[in-house]
2 protein chains.
Amino acid sequence: MSGRHGEEGLGLVTTQRAVVATPEDPLRLARGGVLEHVEVAYETYGTLSPARDNVVLVAHALTGHAHAAGHHGDPTRRGWWDSMIGPGRPVDTDRFFVVSPNLLGGCQGTTGPSSPDPRTGRPYGPDFPELETTDLVAVHRRLLDVLGIGPVHAGVGGSMGGMQVLQWLADEPGRVHRAVLVAATARLTAENMGFSAVAREAITSDPDFHGGRYAEHGVIPARGLKVARMLAHLTYVSAEGLEAKYGREGIESYLQAQGDSFLERFDANTYLVLCRLLDRFDPFADPAFAARVASGGPEVLALSFTSDWRFGTAHSAYLVERLAAAGLPVEHVELASAWGHDSFLLDPPGYHARVAAFLARAVG
Amino acid sequence: MSGRHGEEGLGLVTTQRAVVATPEDPLRLARGGVLEHVEVAYETYGTLSPARDNVVLVAHALTGHAHAAGHHGDPTRRGWWDSMIGPGRPVDTDRFFVVSPNLLGGCQGTTGPSSPDPRTGRPYGPDFPELETTDLVAVHRRLLDVLGIGPVHAGVGGSMGGMQVLQWLADEPGRVHRAVLVAATARLTAENMGFSAVAREAITSDPDFHGGRYAEHGVIPARGLKVARMLAHLTYVSAEGLEAKYGREGIESYLQAQGDSFLERFDANTYLVLCRLLDRFDPFADPAFAARVASGGPEVLALSFTSDWRFGTAHSAYLVERLAAAGLPVEHVELASAWGHDSFLLDPPGYHARVAAFLARAVG
């Protein structure tokens, strides 16, 4: 996928780190845990305006990371949302200052289960505290504070990234002026949770899982993690997309390769913590949630894709309806795409233009 | 699901066995293997007419078995298709003589990977030969020969059972006068094969799999088999069905229970042999296949269900279209049902009545 105007995209970028919680200023978590040391890995693209009013916050999905755009040395290996972010692209780095952090509980630079527990010096592993989406937002709010950023022009996220942006709107009403929620959900279905349960079973029943203490045994639950990733991929792509891209002959080796490459970059305990958080995510169960979002008066664009059977149009329609009931009109567009849930990472017709137009509007 | 007219259903039934291949009359398999001893487990219901013209052959799905109707001692635990088969039910045992065999390669009475290899006295395990659907049909043709049955009034099967009935029509044109193919397919999609690949990965990567020689180690690949079954169940039920039946709270324990109970009754090598056979099934790739079916002039009814995302209406439409192109008109009815692929085991509106009416027609 190339940029809309054929630009080259961003060049070399680097991942930075910030400390956002310390023993003097610990992070108290929604479910009761406390983290006395939290680091955040993040990247920024573009230039912060003198008025500090051109910030776009990008929130990544379950297995994403801070490296959303540009490259780390090899120009052919680009960040996960390079088609969306860059000069002249929908999240236009000629205009916006983009902040892209890794999430709390992650395994790619931000504090998570594979980070050392300050009390023991060893990885937290299964002792990492349970998280809610509001904790992820709290860490990124602290990051923006550290960076000296107040109001946010827009929050943009796909899938679980969209869920974080939605949570932002309630947790600090008015700070994020616009939100783009792509292929997001406010509540997993029983089927979504079922696939999650199978993936968790594969990981936790792997003899190398050791109750989450695999690091202490010098192993990883590779078999289970591979099965989990192969399965997840099937839910990210539509049947029609699988047929067109891989076909009957190619599907097995494609899934095998996806599963194998995942092992090199992802931590099983992170997967479990985030999957449990997703299973519990149901913010509209709190009657005050929608009203808090509405009180900030954000402009919200929800986008969904026709062939997405993970968080398809019904998911977006549900959150749009809940917000509308609280008096906040939300623009919802369903886009035609054959690529299933993964469409949010690609460039189906109309998608990038919609995002570009929405972000380009003057701040209200 | 009770019978259509509120009958009690069949009473006590027993599983019988027949030997259908011997060293003197071995079974030569489509892919080159030879089996010198084949036993078939089967049940029969109803009475064979003096003219031997009232036979209905029932073919079961991937994990089914010969015990399709009635009970084995506990009247509350019924065969897997008890709602379909019995006195006054669509496959009416007051009228028809029903033969329900376990399939070749199975693990519930018919010769398969867990049976002793006559050459060694130990279970075949991974040395069991590769099978094609035509081999499964060959074994059941031999069974009917042993039972003294010539023409078959109807073959009835759901899912993989429907695939076997379709193969029957080509392998012995004219012998099966009518065929009911429920939620069947003539060709798996890449997505179907993807789910199969994940299930196989879970089984074969289980350390207790031992390359298929788990019996020699006194273990079973329980972790992998459980994950495979949990996953399969998700593909058998629609999202809407999962929501209605189990909901967000119940889905994980439901899948766990399904996975656990599977371990007691199913063999991993059988699962693998049959999954590979399903992956390869593509009979219309042979241009002569449809013509062979048509030459027998069978009446064919294909049924599909709206919410079936495993072998849904597109699968039935494909096989109907291929048969029609060969000059054999096929009746295809899509039935509304919320229960996904599993609908073929249940009683959505109109389903049983359709089957009953089709079977009740006079033999052409």
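Residues numbered from 1 in each chain as written. Chains lettered and ligands numbered in written order. Predicted model: local features only at pLDDT ≥ 70, side-chain atom pairs only at ≥ 80, totals over all residues. Heavy atoms only, no water.

### Regarding the packing of aromatic side chains
(1) Moving on: Tallied over the full model, the rule gives 26 aromatic pairs over all chains.
(2) Moving on: When the centroid spacing of 3.7 Å and the interplanar angle of 15° are considered together, the rings of Tyr 246 of chain B and Tyr 254 of chain B count as stacked.
(3) Moving on: Look at Tyr 254 of chain B and you get buried, because its relative accessible area is 13%.
(4) Moving on: Through a chain of ring-to-ring contacts, three or more aromatic side chains come together here, namely Phe 195 and Trp 309 of chain A together with Phe 195 and Trp 309 of chain B.
(5) Moving on: Geometry around Phe 358 of chain A places Arg 178 of chain A over its ring, the cationic atom sitting 6.0 Å from the centre.
(6) Moving on: Seen from the ring of Phe 311 of chain A, Arg 310 of chain A lies directly overhead, with NZ or CZ sitting 5.0 Å from the centre. (Phe/Tyr/Trp six-rings, centres within 6.5 Å; stacked < 30°, edge-to-face > 60°. Buried < 20%, exposed > 50% of the residue type's maximum accessible area, 1.4 Å probe, protein only. Lys NZ or Arg CZ within 6 Å of the ring centre and 35° of its normal.)

### Overview of the domain arrangement of chain A
Residues and elements named next belong to chain A.
(1) Moving on: Each domain of chain A was delimited in the assignment, giving domain 1 (16-187 + 283-360) and domain 2 (191-277).
(2) Moving on: The distance between the C-alpha centroids of domain 1 and domain 2 comes to 23 Å.
(3) Moving on: Listed per partner, the contact involves 31 residues of domain 1 and 30 residues of domain 2.
(4) Moving on: Approximately 2,700 Å² of surface area, both sides summed, lies buried where domain 1 meets domain 2, with 58% of it carried by carbon and sulfur atoms.
(5) Moving on: Contact with domain 2 buries area across many residues of domain 1, yet Leu 62, Thr 63 and Trp 309 alone supply 24% of it, more than any other trio.
(6) Moving on: Inspection of the domain 1/domain 2 interface yields three salt bridges.
(7) Moving on: For Arg 122, the salt bridge goes to Glu 216, with nearest N and O atoms at 3.6 Å.
(8) Moving on: Linking domain 1 with domain 2 are eleven residue pairs in polar contact (both at pLDDT 80 or more), by the criterion used here.
(9) Moving on: Partitioning the side of domain 1 that touches domain 2 into residue classes produces 14 nonpolar, eleven polar and six charged. (Domains from an automatic or database assignment. Contact = heavy atoms within 4.5 Å. Buried area = accessible area lost by both parts, 1.4 Å probe. Salt bridge = Lys/Arg side-chain N within 4 Å of Asp/Glu carboxyl O. Polar contact = N/O pair within 3.5 Å; in protein donor to acceptor, adjacent residues only side chain to side chain. Nonpolar A, V, L, I, M, F, W, Y, C, P; charged D, E, K, R; others polar.)

### Comments concerning the sheet that holds strand E10 (residues 178-182) of chain A
Residue and element names in this part refer to chain A.
(1) Moving on: As summarised here, the arrangement of the eight strands in space is E1-E4-E8-E5-E9-E10-E11-E12, forming an open sheet in which the pairing is mixed. The outermost strands of the open sheet, each flanked by one partner alone, are strand E1 (16-21) and strand E12 (331-335). Across the sheet, the mean angle separating the axes of adjacent strands is 20° when strand polarity is ignored.
(2) Moving on: In this structure, strand E9 (residues 154-158) lies alongside E10, joined through four bridges in parallel fashion. From the neighbouring strand, Gly 155 faces E10, where its bridge partner is Ala 179.
(3) Moving on: Sitting on the sheet, helix H1 (residues 133-146) is in contact with E1, strand E4 (38-45), strand E5 (55-59) and strand E8 (97-101), with an inclination near 110° to E1.
(4) Moving on: Contacting E10, strand E11 (299-305) and E12, helix H9 (residues 313-325) runs over the sheet at an angle of about 160° to E11. (Pairing = 2+ DSSP bridges. Helix = DSSP H or I, 4+ residues; strand = E, 2+ residues; numbered from the N terminus. Axes fitted to C-alpha atoms, helices over the stretch in contact; angles between N-to-C directions.)

### Quick look at helix H9 (residues 313-325) of chain B
All names here are of chain B.
(1) Moving on: Over its 13 residues, H9 extends 18 Å from the first C-alpha to the last, a length consistent with the 18 Å expected when each residue adds 1.5 Å.
(2) Moving on: Listed as buried for H9 are His 315, Ser 316, Leu 319, Val 320 and Leu 323. Take H9 and look down its axis: the buried residues cluster within an arc of 130°, on one side only. For H9, the exposed residues set more than 90 degrees away from the buried face come down to Ala 314 and Ala 325.
(3) Moving on: In this fold, the buried residues of H9 make contact with helix H2 (160-171), strand E10 (178-182), helix H3 (190-204), helix H8 (287-295), strand E11 (299-305) and strand E12 (331-335). (Expected span 1.5 Å × (residues − 1). Arc of directions from axis to C-beta.)

### Describing the pattern of salt bridges
Residue and element names in this part refer to chain B.
(1) Moving on: Counted by the stated rule, this structure contains 56 salt bridges over all chains.
(2) Moving on: As a salt-bridge pair, Arg 31 and Glu 132 come within 2.6 Å of each other at their nearest N and O atoms. Residue Arg 31 is found in the loop between strand E2 (27-28) and strand E3 (34-35), and its partner Glu 132 is found in the loop between strand E8 (97-101) and helix H1 (133-146); the two are separated by 101 residues along the sequence.
(3) Moving on: The class of Arg 31 is partly exposed, set by a relative accessible area of 48%.
(4) Moving on: Among the ionic pairs, Arg 213 bridges to Asp 127, the shortest N-O distance being 3.1 Å. One end of the pair, Arg 213, is in the loop between H3 and helix H4 (222-236); the other, Asp 127, is in the loop between E8 and H1, and 86 residues separate them in sequence.
(5) Moving on: Residue classification places Arg 213 among the partly exposed positions, given a relative accessible area of 30%.

### A word on the relation of the copies chain A and chain B
(1) Moving on: When chain A is fitted to chain B, the residual RMSD is 0.0 Å, and the transformation amounts to a turn of 180° plus an axial shift of 0.0 Å. The two molecules are tied by a two-fold rotation axis, judged by turn and shift.
(2) Moving on: When the interface residues of chain A are mapped onto chain B, 100% of them again fall at the interface, so both copies present the same face. (Least-squares fit on C-alpha atoms with pLDDT ≥ 70 in both.)

### Regarding the pairing of E10 of chain B
Residues and elements named next belong to chain B.
(1) Moving on: Counted residue by residue, E10 has five buried out of five residues, so it is predominantly covered.
(2) Moving on: Of the two faces of E10, both are covered, the one formed by Arg 178, Val 180 and Val 182 as well as the one formed by Ala 179 and Leu 181.
(3) Moving on: Running through H2, the crossover from strand E9 (residues 154-158) to the neighbouring parallel element E10 is right-handed. (Right-handed = clockwise from strand over helix to strand, strands pointing away.)

### A closer look at the confidence of the model for chain A
Predicted coordinates in areas of low pLDDT are best not read in detail.
All names here are of chain A.
(1) Moving on: Within chain A, residue pLDDT values average 95, and 97% of them lie at 70 or more.
(2) Moving on: Under a pLDDT of 50 for its full length, residues 1-6 has, in the predicted model, eleven contacts with residues more than four places off or in other chains.
(3) Moving on: Two summary scores accompany this predicted model of the complex, namely pTM at 0.94 and ipTM at 0.93. (pLDDT = per-residue confidence, 0-100.)

### What about the side chain of Ser 196 of chain B?
All names here are of chain B.
(1) Moving on: Within the fold, Ser 196 resides in helix H3.
(2) Moving on: A relative accessible area of 9% places Ser 196 in the buried class.
(3) Moving on: Apart from residues lying up to four places away in sequence, Ser 196 is in contact with Cys 275 and Asp 279.

### Side note on the packing of H1 of chain A against helix H2 (residues 160-171) of chain A
A pair of packed helices is characterised by two quantities: the angle between their axes and the separation of those axes.
Residues and elements named next belong to chain A.
(1) Moving on: At their nearest, the axes of H1 and H2 sit 9 Å apart, and the two run at 75° to each other. With respect to H2, the element H1 is oriented roughly perpendicular. Contacts between H1 and H2 involve Thr 133, Thr 134, Leu 136, Val 137, His 140, Arg 141 and Leu 144 from the former and Met 160, Met 163, Gln 164, Gln 167, Trp 168 and Asp 171 from the latter.
(2) Moving on: Tallied by class, the residues present in the contact of H1 with H2 amount to six nonpolar, five polar and two charged. (Parallel < 35°, antiparallel > 145°, perpendicular 65-115°, else oblique.)

### Side note on the interface of chain A and chain B
(1) Moving on: Of the residues lining the interface, 37 residues belong to chain A; the matching set on chain B comes to 37 residues.
(2) Moving on: Across the interface of chain A and chain B, roughly 3,000 Å² is buried in total on both sides, 65% from carbon and sulfur atoms.
(3) Moving on: When the buried surface of chain A facing chain B is broken down by residue, Glu 191, Glu 201 and Arg 248 of chain A rank first, second and third, together holding 23% of it.
(4) Moving on: Here Glu 252 of chain B and Arg 200 of chain A are joined by a salt bridge, their closest N and O atoms 2.8 Å apart.
(5) Moving on: Inspection of the chain A/chain B interface yields twelve residue pairs in polar contact (both at pLDDT 80 or more).
(6) Moving on: Counting residues per element, the ones that place at least two in the side of chain A that touches chain B are helix H3 (190-204), helix H4 (222-236), helix H5 (239-245), helix H6 (247-265) and helix H7 (268-280) of chain A.
(7) Moving on: If you tally residues by element for the side of chain A that touches chain B, the top one is H3 of chain A, at ten residues.
(8) Moving on: Broken down by class, the residue content of the side of chain A that touches chain B amounts to 19 nonpolar, six polar and twelve charged.

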